[in-house]
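Residues per chain, in single letters:
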Amino acid sequence: MAIEAAIPGNSPAGYGASALPEPNYLSATKGLMSWLTTLDHKRIGVLYLIGITVAFFLGGLFALLIRLELFSPGQQFIGADVYNRMFTLHGAVMIFLFIIPSIPAALGNFVLPLMLGAKDVAFPRLNLASWYVYVGGSLFAVYSLIHGGADTGWTFYTPYSAESASSVIPLLTGAFILGFSSIFTGLNFIVTIHKMRAPGMTWSRLPLMVWALYGTALIQVLATPVLGITLALLIVERVFGMGIFDPKMGGDPVLFQHFFWFYSHPAVYIMILPGMGIISEVIAAFSKREIFGYRFVAASSLAIALLGFLVWGHHMFVSGQSELSSAVFSFLTFFVAIPSAVKVFNWTSTLYKGEITLGTPMLYALSFLFLFAIGGLTGIFLGALSVDVHLHDTYFVVAHFHYVMMGGTVIALLAGIHYWWPKMFGRMYSHFWSIVAWVMVFVGFNLTFFTQFILGTHGMPRRYADYLPQFQRLHGFSSIGAFILGFGLMIIAIYLIASLKYGKVVGKNPWGASTLEWETTSPPHPHNFEYQPTVNTGPYDFGRETATHAK
Amino acid sequence: MDTTATFWLPAPSSTMAGQVDSLFYFILYMTTFFFVLIVSLAIYFSYKYRVRPGEEVKYKAAPTHNSILEATWIIIPTLLVMIVFVWGFYGYLRSSIVPAESMQIKITGQKWFWSFDYPEGATTVNELVVPVDKPVKLLMSSKDVIHSFFVPAFRVKHDVLPNRYSIAWFQATRLGTYELYCTEYCGEKHSQMLGTVRVVGEREYKEWLDEASDLGKGLTPAEYGAKLYTAKACNTCHTIDGKPSNGPSLKDVFGHKVKLVDGSEVEADENYLRESILNPAGKVVAGYQPIMPTFQGILKDKEMDALIAFIQTLGDK
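All of these numbers come straight from a predicted model, not from anything done at the bench. (Residues numbered from 1 in each chain as written. Chains lettered and ligands numbered in written order. Predicted model: local features only at pLDDT ≥ 70, side-chain atom pairs only at ≥ 80, totals over all residues.)

Caption draft 1: Fine view of the overall build of chain A. Across its full length, chain A carries 16 helices and 2 strands. The C-alpha radius of gyration computed for chain A amounts to 23 Å, which stays within 12% of the reference 24 Å derived for 551 residues, consistent with globular compactness. Taken along its principal axes, the extent of the C-alpha atoms in chain A is 75 × 45 × 45 Å. Counting across all 551 residues of chain A, residues that qualify as buried make up 64%. (Helix = DSSP H or I, 4+ residues; strand = E, 2+ residues; numbered from the N terminus. Rg over C-alpha atoms; globule rule 2.2 N^0.38 Å. Buried ≥ 20, exposed ≤ 12 C-beta atoms within 10 Å, placed from the backbone.)

Here it is in structure tokens:
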């Protein structure tokens, strides 16, 4: 301890120091090649962070073009054909290139071994390979984009996707390849969590982020192959004219929907579960309390991962699947609501008698509660059979999943980035600008998407390049909201990048958090810890007198 | 816009709507209660237990778990969602069982229009006319990709698939004209695959049906063709003023040489027009995509003759 304290910038309070601690993973080796060949999970996490940020702004650009076109009825800037390609690319880029790898592969990669007290993930080479596979898959998507993009929607429903003249095959191939990247990460995390925990880090002492990543990894490994097979079958159908899904050749288009949602519904939990993990960490750290009902919150991650496999048919209540199937899927869908509700109730209870500080990560965590509650509760409308018949494929669904995916996952990602940024780069971002951006994101998001609930209940169908005049006012509000949201997100990118140079140097633990990653230097040592940490308390034991976690 | 619509929903206009709406509002009130509960607790706790400026953060013991509380917030929501399930299932069953006394209309979806065939022989495009207070069975199929039949005012929606029938039904309760949307993405003009449902009184329906079953009565073929030009939605893609749209304009076509995509030329005579309506992908005009659907089986011979006669009048120099 004495040696560490002598390192500048490494005092417990941290502020006031001017230089980052050495050695750290950022400066240990130099040059582009040292990054492109790195086996360090922290660097790979940063590489992923760069990748998903580029994808996010690309997907966001498509979203803004969509909202610009929808500002008023009639054709403004882009015709129907281009519009259809825009919403397809928005969906495909956001889902496959951004949100699925976002939290697990970028933040998860960085913090998982640190939280476990491990030196790295179990398979560092596989970890780097997953990033290259990710880049390779993304290049196929970019290739499709350069060739005009696809116009099938990210769901690739047959038989339209079998006959569309747009650049479908490159996009399918890209999504197929990206699946392997996701499987590699999942496999790596499962083995890491089983085999690499520090001495004393029992399963009941795992931080909740680790439980969430564990549940996520299970889904990644078990569900993603089904997507791969489905997309491969569609490619085979298009290239060789083999009748699998296209009724013209004796195929069954509804079968495609079953295959597709068998992956893509669990994939929703690949997207949201790690976000829930972040929220548990941030709420604990900013309330200085153990998460209320730790066991229930941990178990609910596994329950969601498991139940998530049994509800895919709720995307198909009006598709022509049998009424009995619809009834069974509706019944099971309501059970998935329960573990999510358990988490929300426990997070809220954690605040009770806490020592609450409203740092920027906590503001995001609290807005997650607000937005995810709306996203989750509106799912009940869609799970109810007769109501879903009315709401299916309208803007209500668009609003619902944006509240879950953006209000949930992206807000959680922002909470996580703001929470671990000082750990990742050793410097703090501008407090003032982070508050300004948070307000813009929160207001802009709600303006964009709450209006869409009302559009949807009034029957406005999704994926429409144009709309009837009666929807103009709400569409107008939604478009204005989207631009406020977009500017907010740009401000975040700017002050975060600026902080790398101008940010105040922080110490090990600027938030006073209790999990293991805060007991090493910021940015961490290339080998994470100078000594093998041992653990003898739970993850959120703020009461312990001194840090007994690390040596 | 329908002024009787509420903040949340269009005015209920079918026998199904009441059931769907009451469940909608039940869920709305229930979820609003839980939302307000969670958010106000979170805000209240964040305020009450905030660390004041200058105050030292110190750990206080607080409860870390409570099994009774956990059980409560598992059991109560489970019971509530089970009520929602049963309620929704009941409404869904009703919407799935077609009353025996229903009249039947055959609906065909294709890129990018709807056509409706009445047992009495009438065929309409993009306008479904039904009598009020009478159950209507919809026997639906698609000629190409998946479409979906959605009338918000009736709370009815069902996908329309190629190579199989899907069945839906409704019973309209209010006179008026309602929007009909395609709600399964079906390609470029998905957002223009719109129609209307006109609900009329029993007597007016009879009169309409008689007239619609014999649209051309008392008209010359060219006049009848002009009527069919809009009734069969030719106007979605073909203008008559010379402006190109998705398809070539019909002005000055008849009797002229037409350049095809393969570079050859044909004269646009009666046979070429007939062939182009029945097999549109066969001889496509240069500069256009082969996107027109076939009208084989949709147009009767008499209607075909009338359309060709109409196009002939547009081609006079």
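So that's the structure; there's more coming.
Caption draft 2: Just the nonpolar core, in detail. Counting 250 residues, the largest nonpolar core has A:Val93, A:Val210, A:Ile279, A:Val282, A:Phe368 and A:Ala415 as the members making the most contacts within it. For this core, the leading source of residues is helix α4 (residues 80–116) of chain A, giving 24 residues. Taken domain by domain, the makeup of this core includes at least three residues from each of domain 1 (15–51 + 62–96) and domain 2 (103–213) of chain B. Beyond its immediate chain neighbours, meaning those up to four positions away, A:Ala415 contacts A:Ile278, A:Ile279, A:Val282, A:Pro361, A:Tyr364, A:Ala365 and A:Phe368. Core analysis: the second largest hydrophobic core is formed by 12 residues, B:Tyr224, B:Leu250, B:Leu307 and B:Ile311 among them. (Core = buried A, V, L, I, M, F, W, Y, C linked by C-beta atoms within 7 Å. Domains from an automatic or database assignment. Contact = placed C-beta atoms within 7 Å.)

Caption draft 3: Just the interface of chain A and chain B, in detail. Counting from both sides, the interface comprises 69 residues of chain A and, opposite them, 69 residues of chain B. Looking at the side of chain A that touches chain B, the elements that each hand over two or more residues are α4, α11 (323–351), α12 (360–383) and α13 (385–391) of chain A. With 14 residues, α11(A) is the largest single contributor of residues to the side of chain A that touches chain B. Of the residues belonging to the side of chain A that touches chain B, the class tally is 39 nonpolar, 20 polar and 10 charged. (Nonpolar A, V, L, I, M, F, W, Y, C, P; charged D, E, K, R; others polar.)

Caption draft 4: Seen up close, the sheet that holds strand β7 (residues 156–160) of chain B. All names here are of chain B. With mixed pairing, the 5 strands of this open sheet are ordered in space as β4-β10-β9-β6-β7. Looking at the sheet topology across the chains shown, the edges are occupied by β4 (127–131) and β7. Across this sheet, the average inter-strand angle for adjacent strands is 20°, counted without regard to direction. Alignment of strand β6 (residues 147–151) against strand β9 (residues 176–182), held across 2 bridges, turns out to be antiparallel. In the sheet register, phenylalanine 149 faces β9, and the bridge partner there is cysteine 182. Helix α3 (residues 202–213) rests against β4 and β10 (195–200) of the sheet, and its axis sits at about 135° to β4. (Pairing = 2+ DSSP bridges. Axes fitted to C-alpha atoms, helices over the stretch in contact; angles between N-to-C directions.)

Caption draft 5: Here's a closer look at the confidence of the model for chain A. All names here are of chain A. Mean pLDDT for chain A: 92, with 95% of residues reaching 70 or above. Low pLDDT, under 50, characterises residues 1–14; the predicted model gives this stretch 29 contacts beyond four residues in sequence or across chains. Low confidence marks residues 545–551, where pLDDT is under 50. Its contacts with residues over four positions away, or in another chain, come to 12 contacts. (pLDDT = per-residue confidence, 0-100.)

Caption draft 6: Layout of the sheet that holds strand β2 (residues 113–117) of chain B. Residue and element names in this part refer to chain B. Read from one edge to the other, the open sheet built from 5 strands follows the order β3-β2-β1-β5-β8, with strand pairing classed as mixed. Only two strands of the sheet have a single neighbouring strand rather than two, namely β3 (123–125) and β8 (166–171). Put simply, the sheet's adjacent strands are angled 25° from each other on average, direction ignored. With 7 bridges connecting them, strand β1 (residues 103–110) and strand β5 (residues 135–142) associate as parallel partners. Bridge pairing in β5 places isoleucine 107 opposite methionine 140.

Caption draft 7: Up close: helix α9 (residues 253–287) of chain A. All names here are of chain A. The first and last C-alpha atoms of α9 sit 51 Å apart over 35 residues, in line with the 51 Å expected at 1.5 Å per residue. Within α9, the axis deviates most sharply at tryptophan 261, by approximately 30°. Taking burial as the measure, the 35 residues of α9 include 32 buried ones, the bulk of the element. Looking at the residues trailing α9, positive phi occurs at lysine 288, about 50°. (Expected span 1.5 Å × (residues − 1). Bend = angle between axes of the 7 residues up to and from the residue.)

Caption draft 8: Representation of the pairing of β4(B) within the structure. Residue and element names in this part refer to chain B. For β4, the buried fraction is high: 4 of the 5 residues fall into the buried class. Direction of pairing for β4 relative to β10: parallel, over a ladder of 5 bridges. Looking at β10, one finds that leucine 128 is bridged to valine 197.

Caption draft 9: Up close: unusual backbone geometry. Along the chain, A:Glu22 connects to A:Pro23 via a cis peptide bond; the corresponding omega equals -5°. Within the element layout of this structure, A:Pro23 appears in the loop between α1 (2–6) and α2 (32–36). Along the chain, A:Thr158 connects to A:Pro159 via a cis peptide bond; the corresponding omega equals 0°. Locating A:Pro159 in the fold gives a position in the loop between α5 (124–146) and α6 (160–163). The phi torsion at A:Asn528 lies on the positive side, around 75°, for a residue other than glycine. Within the secondary structure layout, A:Asn528 lies in the segment after β2 (504–505). Residue classification places A:Asn528 among the buried positions, given that 23 C-beta atoms sit within 10 Å. You will see that B:Arg155, though not glycine, has its phi angle at about 60°, which is positive. Along the chain, the position of B:Arg155 falls in the loop between β6 and β7.

Caption draft 10: Spatial organisation of the domain arrangement of chain B. Each assigned domain of chain B is listed with its residue range as follows: domain 1 (15–51 + 62–96), domain 2 (103–213) and domain 3 (221–314). Taking only C-alpha atoms into account, the centre of domain 1 of chain B sits 57 Å from that of domain 3 of chain B.

Caption draft 11: A look at the confidence of the model for chain B. Of the residues in chain B, 98% have a pLDDT of 70 or more, and the chain-wide mean is 90. Both scores are available for the predicted complex, with the pTM at 0.89 and the ipTM at 0.92.

Caption draft 12: Quick look at the packing of helix α8 (residues 208–240) of chain A against helix α10 (residues 294–307) of chain A. Residue and element names in this part refer to chain A. Two elements in contact, α8 and α10, have axes separated by 9 Å at closest approach and are oriented at 10°. By the angle between their axes, α8 is roughly parallel relative to α10. Counted together, Leu208, Trp211, Ala212, Gly215, Leu218 and Ile219 of α8 and Val297, Ala298, Ser301, Leu302, Ile304 and Ala305 of α10 form the full contact between these two elements. (Parallel < 35°, antiparallel > 145°, perpendicular 65-115°, else oblique.)

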